[in-house]
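Here is what each chain is made of, one letter per residue.
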Amino acid sequence: MPSSLYINNFKRNVTDKYTIYNSLFSALPFSGIANVGALLPILLQACMEGYAEGKSPMQIIDQFFEQHTHVKKDDEKIDRLFKFVQYIERQVVLFDAIEDAAFTTVNDMDGAGSLKALYNEAAFAGKTQALKNKLRKFKVRVVLTAHPTQFYPGSVLGIIHDMSEAIGKNDFHTINQYIQQLGITPFFNKKQPTPYDEAVNLMWYLENVLYQSIGNIYNHIASEIFDSEYDSDNPFIELGFWPGGDRDGNPYVDAATTLRVASALRSAIIVCYYRDVRKLARRLTFSGVDTMIHSLEQQLYENVFRPNENNRISKQELLQQLTAMRRLVQEKHHSLFLQRIDSLIHKVKIFGTHFAGLDVRQDSRIHTQVLVDINTTLQSQGQRGILPAKYAGLSQEEKIKVLSSLDMKLDTRLFPKGITRDTLESMYAIQSIQQMNGEAGCHRYIISNCQSAVNVMEVFALFRLCGWKAEQLSIDIIPLFETIDDLQEAESIMEFLYTYPVYKQHLKQRHQQQTIMLGFSDGTKDGGYLQANWSIYTAKENLTAISRKYDIKAKFFDGRGGPPSRGGGKTNKFYASLGTNIENEEIQLTVQGQTITSNFGTIQSSQYNLEQLLSAGISNELFSDNRMLLSQHDRFLLDELGKLSYEAYQDFKTHPLFLAYLQQFSPLNYYSKSNIASRPSKRGSGGGLRFEDLRAVPFVGSWSQLKQNVPGYFGVGTALQQMKDKGLWDDVKAMFRNVLFFRTLIDNSMMSMLKSSFALTQYIQEDPEYGEIWKLIKKEFDLTVALVLELSDTTQLMQDDKTGRASIQMRDKIVLPLLTIQQYALHQLHKTEADTATKEIYEKLITRSMFGIINAARNSA
């Protein structure tokens, strides 16, 4: 289908509908709304014209009040600005709902990347059997995290979902009611959410979207590709879950929370089965089957409303009962409604009684600290310690020998409440979860900031100290390599572990499989966009090679965020471009915040994006061609580009005003006040902010709200220019045409730049202190834009993705007044004459403005 059709569909089903339904806001029967609705278009026009004329946000806001209102007092101005913020927040929600409703008309659901297209391509190439063989072992694991990039509370998410359905039906009356509901629904949390609150919010997507979309995909593969003769245990798609298990830097996650979330996940999936069984019972009214289905319905009811250890139903029991019903229907009742039984059987195979596997994550430095604390506490109580004297001074091999010999069962009550006790309790909790939800319920322990083989063996030792026997340790210990230096050391660390007898035996118990996590977010924050992505690519190649050498199947788990600078963007294209030198039996990636809403917010968008991921991983192997192969010269070019961009980024990062600039002109300091996440916005408890303590989410998100998106391109232009100066431009252009990985990197960087707008902050160039750094960023931005357009032979950023480009531009237009208000508030806050009370009001205005800006961008943090 031609792209012009999709852009026309976008205009008709998104742009035009937004114009129509947006007019309903001005008719809301609430205080001051009509006046705000009338004035907001005037403010938008003032912003567009003002920035074109080189005006500052302060000039635009002040002139707007002077020319178009009778407002004179500062407190009246602030009150009006708050009303604008609230109004725009709701405009963003409306646009989200309209775009969700139009998803199937502006995206080719059966086009490239869909399962239907994949099957047709395989059939045309005579590779149908190869496709089936690959599907029997390949899967995608989507891990939902609670990182603070989601500014919609649960109540608003529900409104978006319901409104999109009403818009899809053109139900004007219901849409109008939902718009009224939006008008009086709070858009912010009055208090910071707990980790359990975050888990419950994310479970909404599990129950209302992913349960259906993943089931649909399984049904399609089983019936259309395997002709209803699928006989493998591979579920195609698995879900992972971090809220309640991710304790890295989050002091509010404890073992009790982990257990509570695991129990909630079990309850959620049993509720889903109960609903399906009740519907199925209305169809399976045949003799013999009716009593079986009602018996199962009663069991599930008991599991939901009166759960206890004695009535706990297992995945195996569910499958046995459903399979028995299926057999009876097939043999005695003409196979009537057999597909509906099969559909439920498929869901049980996918989700078991755990729904999503709960991952536990902690920083390696905590494990080191805990082991030392255990040793000290035991000795203080007159017991024998677990570590020898001068343990800290031992070599890596000596430490690992000590750690491998530990074998006892500690009583957690020996330790006071704190990080040591909770770490041990979390390991005992994993045992309890496996007993309740099966091994799939919780079997992965992730080590953040993993820098050595000692860090891995520390976790192995801690499990042994909690009573786990080495030969029965049903846990995948997953090192997370994040910084550029860690990525370079990863190969040698894993080779040591693969050859160390104790760990080698552990891997044998885990079916010769090793999951390795790689962090895109901190990699980019540490080394810049190009170098981080190229370092991760080469690390995967090296880790694949060393794993294959020792007959280990490596599985890569990518810690990705929403925007390109955190490994997001057009993620499926990355996986389609990896080639055969990188292990490809699973795609594992984190999905968080806005990306969950935008990619998995509806059943249609969820199914589309999951199919894109599945198809990318499979086609990478089935239809690999020269676009995925890197020649030695390509590798030389990428090495050079990575090195040059890294140097440019490091020079910029070490600028004495780098962090101060971000704090002065962006809302960086206000993430912790937004009440969107339980986790603190920075590591450590010190008062000052250091770059190394700054988390990737507020770092990237702040650049996004500043509309400069530095992490998504800085250093790219400088690297391309230097390659041009070296006479290698034609080589780089050829690589862009022929190497899908490099082209995907550049395409994603274009997205970051399209979402940038320096007109908003052009006033900073006149600032005596910060003008220099603004000009430095703008110069790199202009250079990068010019060179990537020349590289791609295009005249516009994202020229080939017309609907994506149109969506970004529409969203940017909606929030332009909001961005202007935020910059105005930041400027007023920093004015020395502002009193404490006034500063608090401006701080609140800055925090409130963050919500709509982030939500409108959809993948900005």
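Residues numbered from 1 in each chain as written. Predicted model: local features only at pLDDT ≥ 70, side-chain atom pairs only at ≥ 80, totals over all residues. Heavy atoms only, no water.

Draft legend 1. The overall build of the protein chain, seen in detail. The number of helices and strands found in the protein chain is 34 helices and eight strands. For the protein chain, the C-alpha atoms occupy an extent of roughly 75 × 75 × 60 Å along the three principal directions. In the protein chain, of all internal contacts separated by at least 6 residues, the share reaching a separation of at least 24 is 81%. With the model as given, the accessible surface of the protein chain reaches about 33,600 Å², and the carbon-plus-sulfur share is 48%. (Helix = DSSP H or I, 4+ residues; strand = E, 2+ residues; numbered from the N terminus. Contact = heavy atoms within 4.5 Å. Areas by Shrake-Rupley, 256 points an atom, 1.4 Å probe, with all protein chains shown as cover.)

Draft legend 2. Structural context of the side chain of Gln-612. Looking at the secondary structure, you find Gln-612 in helix 25 (residues 603–622). Reaching out from Gln-612, the side chain makes a polar contact with the backbone oxygen of Ala-112 at a distance of 3.0 Å. Contact partners of Gln-612, with chain neighbours within four places excluded, come to Ala-112, Gly-113, Ser-114 and Asn-572. (Polar contact = N/O pair within 3.5 Å; in protein donor to acceptor, adjacent residues only side chain to side chain.)

Draft legend 3. Structural view of the packing of aromatic side chains. On inspection of all chains with the given rule, the structure shows 40 aromatic pairs. Pairing Tyr-21 with Phe-172 gives two aromatic rings, centres 6.1 Å apart and planes at 40°, and the pair type is tilted. Note that Tyr-21 is positioned in helix 1 (residues 3–22) and Phe-172 in helix 9 (residues 172–183), a separation of 151 residues in sequence. You can call Phe-172 partly exposed: its relative accessible area is 45%. A network of ring pairs unites the aromatic residues Phe-652, Phe-658, Tyr-661, Phe-665, Phe-699, Trp-703, Phe-714, Tyr-763 and Tyr-770 as a single cluster. The aromatic ring of Phe-557 is capped on one face by Arg-444, whose charged end is 4.7 Å from the ring centroid. In this structure, Lys-778 is placed above the aromatic ring of Phe-758, and the distance from its NZ or CZ to the ring centre is 5.9 Å. (Phe/Tyr/Trp six-rings, centres within 6.5 Å; stacked < 30°, edge-to-face > 60°. Buried < 20%, exposed > 50% of the residue type's maximum accessible area, 1.4 Å probe, protein only. Lys NZ or Arg CZ within 6 Å of the ring centre and 35° of its normal.)

Draft legend 4. A look at the pattern of salt bridges. Within the structure shown, the criterion is met by 43 salt bridges. A salt bridge links Glu-238 to Lys-139, with the nearest nitrogen and oxygen atoms 3.0 Å apart. One end of the pair, Glu-238, is in strand 2 (residues 237–241); the other, Lys-139, is in strand 1 (residues 139–145), and 99 residues separate them in sequence. Measuring nitrogen to oxygen at the nearest pair gives 2.9 Å for the salt bridge that ties Asp-363 to Arg-365. Among the charged side chains, a salt-bridge network with shared partners connects Lys-139, Arg-141, Glu-238, Asp-359, Arg-444, Lys-555 and Glu-586. (Salt bridge = Lys/Arg side-chain N within 4 Å of Asp/Glu carboxyl O.)

Draft legend 5. Main features of the pairing of strand 2. Within strand 2, five of the five residues are buried, which leaves it mostly tucked inside the rest of the structure. Pairing analysis gives five bridges linking strand 1 to strand 2, with the strands arranged parallel. Bridging from a neighbouring strand, Val-142 pairs with Leu-239 of strand 2. Relative to strand 3 (residues 357–363), strand 2 is paired through two bridges, and the arrangement is parallel. Bridging across to strand 3, Gly-240 finds its partner in Gly-357. (Pairing = 2+ DSSP bridges.)

Draft legend 6. Broad picture of the nonpolar core. One finds Leu-206, Phe-241, Tyr-273, Ile-374, Tyr-661, Trp-703 and Phe-742 to be the most contacted residues of the largest nonpolar core, which totals 273 residues. With 14 residues, helix 11 (residues 255–281) is the largest single contributor of residues to this core. By size, the runner-up hydrophobic cluster in this structure holds seven residues, among which are Val-143, Trp-242, Leu-480 and Met-517. (Core = buried A, V, L, I, M, F, W, Y, C linked by side-chain atoms within 4.5 Å.)

Draft legend 7. Main features of the packing of helix 11 against helix 12 (residues 289–305). Look at helix 11 against helix 12: their axes get within 9 Å of each other, and the N-to-C directions meet at 155°. With respect to their mutual orientation, helix 11 and helix 12 come out roughly antiparallel. As helix 11 packs across helix 12, the resulting crossing turns out to be left-handed. Counted together, Arg-266, Ile-270, Val-271, Tyr-273, Tyr-274, Val-277, Arg-278, Leu-280 and Ala-281 of helix 11 and Ile-293, His-294, Leu-296, Glu-297, Leu-300, Tyr-301, Asn-303 and Val-304 of helix 12 form the full contact between these two elements. (Axes fitted to C-alpha atoms, helices over the stretch in contact; angles between N-to-C directions. Parallel < 35°, antiparallel > 145°, perpendicular 65-115°, else oblique. Left-handed = near helix turned anticlockwise from the far one by under 90°.)

Draft legend 8. Focus on the sheet that holds strand 5 (residues 476–481). Within the closed barrel, the eight strands sit side by side as 1-2-3-4-5-6-7-8. Their pairing is parallel. Across this sheet, the average inter-strand angle for adjacent strands is 25°, counted without regard to direction. The strands that helix 15 (residues 364–380) touches are strand 3 and strand 4 (444–448); relative to strand 3, the one it contacts most, it runs at about 70°.

Draft legend 9. Focus on the side chain of Thr-602. Considering the arrangement of structural elements, one finds Thr-602 in the loop between helix 24 (593–600) and helix 25. Residue Thr-602 is classed as buried on the basis of its relative accessible area, which comes to 6%. Non-local contacts of Thr-602, meaning those with residues more than four positions away in its chain, are made with Asp-100 and Val-209.

Draft legend 10. Highlighting helix 15. If you check helix 15, its first and last C-alpha atoms are 25 Å apart, about what 17 residues at 1.5 Å a residue would give, namely 24 Å. For helix 15, the complete set of buried residues consists of Ser-364, Ile-366, His-367, Val-370, Leu-371, Ile-374, Asn-375, Thr-377 and Leu-378. Residues of helix 15 that are buried in the fold lie against strand 3, helix 16 (396–405), helix 17 (419–437), strand 4 and helix 18 (453–465). Where helix 15 begins, one side-chain oxygen reaches toward the backbone nitrogen of Arg-365, 2.8 Å away; that side chain belongs to Asp-363. In the stretch just after helix 15, Gly-382 is the one whose phi turns positive, near 80°. (Expected span 1.5 Å × (residues − 1).)

Draft legend 11. Representation of unusual backbone geometry. We note that Phe-337 has phi near 65°; this positive angle belongs to a residue other than glycine. Looking at where Phe-337 falls in the secondary structure, it is placed in the loop between helix 13 (315–332) and helix 14 (338–351). According to the relative accessible area criterion, Phe-337 is partly exposed, its value standing at 27%. Of note in this structure, Phe-355 is not a glycine but carries a positive phi near 70°.

Draft legend 12. The arrangement of the packing of helix 15 against helix 18 in detail. Contact geometry of helix 15 with helix 18 gives a least axis separation of 9 Å together with a crossing angle of 45°. The angle between helix 15 and helix 18 falls in the class oblique. Here helix 15 runs over helix 18; the crossing is left-handed. On helix 18, the residues that touch Ser-364, His-367, Thr-368, Val-370, Leu-371 and Ile-374 of helix 15 are Asn-455, Glu-458, Val-459, Leu-462 and Leu-465.

Draft legend 13. The arrangement of the state of the cysteines in detail. Under the defined criterion, the tally for this structure stands at zero disulfides. Of the cysteine sulfurs around Cys-442, a residue in no disulfide, the closest is that of Cys-466, at 13 Å. (Disulfide = S-S within 2.5 Å.)

Draft legend 14. Expanded view of helix 27 (residues 658–665). For helix 27, every residue scored as buried is listed here: Phe-658, Leu-659, Tyr-661, Leu-662 and Phe-665. Axial view of helix 27: buried residues confined to an arc of 160°, hence all on one face. Along its buried surface, helix 27 packs onto helix 26 (632–653), helix 28 (696–705), helix 32 (771–792) and helix 33 (802–830). (Arc of directions from axis to C-beta.)

Draft legend 15. Geometry of the environment of Thr-257. Here Thr-257 is to be found in helix 11. Take Thr-257: its relative accessible area is 13%, and that puts it in the buried class. Distance in space between the C-alpha atoms of Thr-257 and Thr-499 is 37 Å, their sequence separation being 242 residues. Beyond its immediate sequence surroundings of up to four residues, Thr-257 is in contact with Pro-195, Tyr-196, Gly-244 and Tyr-252.

Draft legend 16. Local environment of the pairing of strand 5. Among the six residues that make up strand 5, six are buried, leaving the element largely enclosed by the rest of the structure. By the bridge criterion, four bridges tie strand 4 to strand 5 in an arrangement that is parallel. Across the sheet, residue Tyr-445 finds its bridge partner in strand 5, namely Ile-477. Tracing the backbone out of strand 4, into helix 18 and back to the parallel element strand 5 gives a crossover that is right-handed. With two bridges joining them, strand 5 and strand 6 (residues 513–519) adopt parallel strand pairing. (Right-handed = clockwise from strand over helix to strand, strands pointing away.)

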